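Residue-level listing of the chains:
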Amino acid sequence: MARIKLPACDAASLYFGDVMHARLKPMGHRFSYRVMSLLIDLDRLDEANRQSALFGVNRAALYSFHEKDHGPRDGSSLRAYAELCAAAHGIDLRAGRVELLCYPRLLGYGFNPLSVYFCHGADGRLALVIYEVRNTFGEIHPYILPVKAGELTDAGLRQQQEKLFYVSPFMPMAMRYHFHVLPPSDTVKLRILETDREGPLLAATFHGRRRALTSAALLRSFFALPLVSLKIMAAIHWEALRLWLKGARLVPRRDAAAQADAETTLAAGESRAYIVNR
């Protein structure tokens, strides 16, 4: 298994880059926008809290990070949450590093469509990744994926996961996620390809470059990316409207769940038929 080493860095860092979404079928639809992400070491929250007067941990500030926005969302330790997730898969993180890549709150408001926990073992190797997905209905779901042999190479981490959580009203549930991640270093790259039984349907990417979290950097971000947290939420609804105007079919949650059940039943039937006919 490849080991990706991170350079020495502060308890919290910033990543500036572009988010891109591309709908591939039944109609083409693509958009991108500039964002600022936060990478924070969950063992060094007190240290991160002191990095800038404009950044706060579990307190109000121009930009802030709050543990209650993630995991159980009750304000409890996210480090302990990651350890519990790992322990359920037989992984011990007690002597390893856990970092969370997410959007910070701006002026008290934040929304994270995807937050990613990078969980390292005592040997420094990436042992587990938690992909925490949120929808606009206030719901949150973690995909907890141990790093298996052969998934992590010098080209990054590749993992797959069946879709289990309703996100977009234009996307069915019978889908599969294909994650390709270059873990945080001087850069970070996330690519999610969503496929159905006929092939790729949606691609989403983020490519960010690391910058030190300083008051100067936060002020530059505030003026270069004004109200970026609201912009993320507004972009979700604006692009949904554009898709609807293009003729995209709405998939209500109850229909999505029924479709997923039907697809599962069909797949199970096909598997049984294959076994019987062998």
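How each quantity is defined
Residues numbered from 1 in each chain as written. Predicted model: local features only at pLDDT ≥ 70, side-chain atom pairs only at ≥ 80, totals over all residues. Heavy atoms only, no water. Helix = DSSP H or I, 4+ residues; strand = E, 2+ residues; numbered from the N terminus. Buried < 20%, exposed > 50% of the residue type's maximum accessible area, 1.4 Å probe, protein only. Arc of directions from axis to C-beta. Pairing = 2+ DSSP bridges. Patch = residues over 30% accessible without salt bridge, like charges linked within 9 Å, V, L, I, M, F, W, Y side chains within 5 Å. Areas by Shrake-Rupley, 256 points an atom, 1.4 Å probe, with all protein chains shown as cover. Salt bridge = Lys/Arg side-chain N within 4 Å of Asp/Glu carboxyl O. Lys, Arg positive; Asp, Glu negative; His and termini not counted. Charge placed at Lys NZ, Arg CZ, Asp CG, Glu CD. pLDDT = per-residue confidence, 0-100. Contact = heavy atoms within 4.5 Å. Phe/Tyr/Trp six-rings, centres within 6.5 Å; stacked < 30°, edge-to-face > 60°. Polar contact = N/O pair within 3.5 Å; in protein donor to acceptor, adjacent residues only side chain to side chain.

Let's shift gears to the environment of Gly110. Note that Gly110 resides in the loop between strand S6 (105-106) and strand S7 (114-120). C-alpha separation for the pair Gly110 and His66, spaced 44 residues apart in sequence, amounts to 9.8 Å.

This brings us to helix H3 (residues 215-224). Looking only at H3, the buried set comprises Ala217, Leu218 and Ser221. Relative to the axis of H3, the buried residues are bounded by an arc of 95° and lie together on one face. H3 presents Arg220 and Phe223 as exposed residues on the side facing more than 90 degrees away from its buried surface.

On to the pairing of strand S11 (residues 156-162), then. Summarising the sheet, strand S10 (residues 152-153) and S11 pair through two bridges and their orientation is antiparallel. In the sheet register, Thr153 faces S11, and the bridge partner there is Gly156. The turn joining S10 and S11, which pair antiparallel and follow one another in sequence, is formed by two residues. As judged from the six bridges shared by S11 and strand S12 (residues 176-182), these two strands associate in the antiparallel manner. By the bridge assignment, Leu157 is partnered in S12 with Val181.

Glancing now at a positive patch on the surface. Side chains of Lys189, Arg209, Arg211 and Arg220 sit close together on the surface and give a patch of like positive charge. The topology assignment puts Arg209 in strand S14 (residues 199-212).

Our next topic: the confidence of the model for the protein. Close inspection of predicted coordinates is inappropriate in any region flagged by low pLDDT. A residue-level look at the protein finds 76% of positions with pLDDT of 70 or above and a mean pLDDT of 84. Across residues 1-8, where pLDDT falls below 50, the model places 23 contacts with residues more than four positions away in sequence or in other chains. Ignoring residues within four places in sequence, the model shows residues 256-278, a span with pLDDT below 50, making twelve contacts including any to other chains.

The subject of this paragraph is the packing of aromatic side chains. Counting across every chain of the model gives six aromatic pairs. A ring pair is formed by Tyr177 and Phe179, whose centres lie 5.8 Å apart and whose planes are at 35°; its orientation type is tilted. Its relative accessible area of 4% is what places Phe179 among the buried residues. When the ring of Phe222 is compared with that of Phe223, the centres are 5.3 Å apart and the planes differ by 80°; the resulting orientation is edge-to-face. With a relative accessible area of 23%, Phe222 lands in the partly exposed category. Take Phe223: its relative accessible area is 64%, and that puts it in the exposed class.

Any two side chains of opposite charge can pair, given that their charged atoms come close. Counting across every chain of the model gives twelve salt bridges. The closest approach of N and O atoms between Arg44 and Glu47, which form a salt bridge, is 2.8 Å. Given a relative accessible area of 36%, Glu47 falls into the partly exposed group. With a closest N to O distance of 3.5 Å, Asp123 and Arg125 form a salt bridge. You can call Asp123 partly exposed: its relative accessible area is 43%.

With that settled, the discussion passes to the side chain of Asn135. Relative to the helices and strands, Asn135 is located in the loop between strand S8 (126-134) and strand S9 (140-146). Accessibility expressed as a relative area gives 1% for Asn135, which makes it buried. Of note is the side chain of Asn135, whose polar atom sits 2.8 Å from the side chain of Glu139. A polar contact is formed between the side chain of Asn135 and the backbone oxygen of Tyr166, at a distance of 2.8 Å. Residues in contact with Asn135, not counting those within four places in the same chain, are Phe111, Phe165, Tyr166 and Val167.

A few words now on helix H2 (residues 78-87). Within H2, burial applies to Leu78, Arg79, Tyr81, Ala82, Cys85 and Ala86. Here the buried residues of H2 occupy an arc of 160° about the axis, which is enough to place them on one side. As for H2, its buried residues are in contact with strand S4 (63-65), strand S5 (98-102), S7, S8 and S9. Taking the backbone nitrogen of Arg79 as reference, a side-chain oxygen 3.3 Å away marks Ser77 as the first, capping residue of H2.

With that settled, consider the side chain of Glu194. As for its placement among the helices and strands, Glu194 is situated in strand S13 (residues 187-196). For Glu194, the side chain forms a polar contact with the side chain of Lys163, separated by 3.3 Å.

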